[in-house]
Amino acid sequence: SVDGMDSMYSPIITVGIFLGILNLNVRVSFFTNLLHLACVIYFRSGGEVSKHGIFVLREVFFFVAKVGLLAHWERSLSQSVAQHIEAQSVRGQQAAVSSLLSMVCDSVVELDEELCLVKHVPSLSNALFHGHGRSLQGVHFRQMILEGEDIELFESC
């Protein structure tokens, strides 16, 4: 019977609404209501859907697709904004630490994962009498250490 088929989808709809409320996700509740509407239209017509029913089902389908795409776009946009804000925060923290270190130290250098200088530091270049026109960018930090005992200590760390 038509009522039997309609009631077959009631537990699915109820579970979907419950999960939507639990997650405080209005979209899940909304989509389960749309699914329920589509099932009611289909099963109330006895499996034979009229022109109007097909039109409604098609509109519901495209509406769900649009809302799904917009939800995906919103989620990816919010993730992108969150990553951008986090990157700005990290850059601000790095600038603050560098500023504090430059108050205490003669030269502050930044090393990459291979222990090479990330950028030229004029104060270090002047302290080492490295020369005016030569850049320290990309130079391995070990080359800055002159004594053999200090090199061994540096490499053991």
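Residues numbered from 1 in each chain as written. Predicted model: local features only at pLDDT ≥ 70, side-chain atom pairs only at ≥ 80, totals over all residues. Heavy atoms only, no water.

In this section: the overall build of the protein. Scanning the protein from terminus to terminus reveals 6 helices and 0 strands. Counting from the amino terminus, helix and strand elements in the protein follow one another as α-α-α-α-α-α. A total of 157 residues make up the protein; the buried ones form 16% of that total. Within the protein, counting contacts between residues at least 6 apart in sequence, those at least 24 apart form 31% of the total. Taken as a whole, the protein presents about 12100 Å² of accessible surface, with 63% of it coming from carbon and sulfur. (Helix = DSSP H or I, 4+ residues; strand = E, 2+ residues; numbered from the N terminus. Buried < 20%, exposed > 50% of the residue type's maximum accessible area, 1.4 Å probe, protein only. Contact = heavy atoms within 4.5 Å. Areas by Shrake-Rupley, 256 points an atom, 1.4 Å probe, with all protein chains shown as cover.)

Turning next to a nonpolar patch on the surface. Residues L70, W73, L77, V81 and I85 make up a contiguous nonpolar surface patch of roughly 520 Å² in combined accessible area. Here L77 shows up in helix α4 (residues 51-104). Assessed through its relative accessible area of 41%, L77 is described here as partly exposed. (Patch = residues over 30% accessible without salt bridge, like charges linked within 9 Å, V, L, I, M, F, W, Y side chains within 5 Å. Salt bridge = Lys/Arg side-chain N within 4 Å of Asp/Glu carboxyl O.)

Another point: the confidence of the model for the protein. Of all residues in the protein, 67% have pLDDT values of 70 or greater, and the mean over the chain is 75. Scored below 50 in pLDDT, residues 1-6 makes 8 contacts in the model with residues more than four places away or belonging to other chains. (pLDDT = per-residue confidence, 0-100.)

Right, let's get into a negative patch on the surface. Taken together, E147, E149, D150 and E152 make up a surface patch of like negative charges. Residue placement: E147 occurs in the loop between α5 (122-127) and α6 (148-156). Since its relative accessible area comes to 52%, E147 is described here as exposed. (Lys, Arg positive; Asp, Glu negative; His and termini not counted. Charge placed at Lys NZ, Arg CZ, Asp CG, Glu CD.)

A word on the side chain of H140. Mapping H140 onto the fold places it in the loop between α5 and α6. A distance of 3.1 Å separates a polar side-chain atom of H140 from the backbone oxygen of E114. If sequence neighbours within four positions are ignored, H140 has contacts with E114, L115 and C116. (Polar contact = N/O pair within 3.5 Å; in protein donor to acceptor, adjacent residues only side chain to side chain.)

Attention shifts here to the environment of L128. With respect to the element layout, L128 can be found in the loop between α5 and α6. Through-space distance from the C-alpha of L128 to that of M144 is 8.0 Å; in sequence the pair is 16 residues apart.

Here the phi dihedral of L115 falls at roughly 65°; this positive angle occurs in a residue that is not glycine. Within the fold, L115 resides in the loop between α4 and α5.

This brings us to the side chain of S125. Assignment of secondary structure puts S125 in helix α5. You can call S125 buried: its relative accessible area is 3%.

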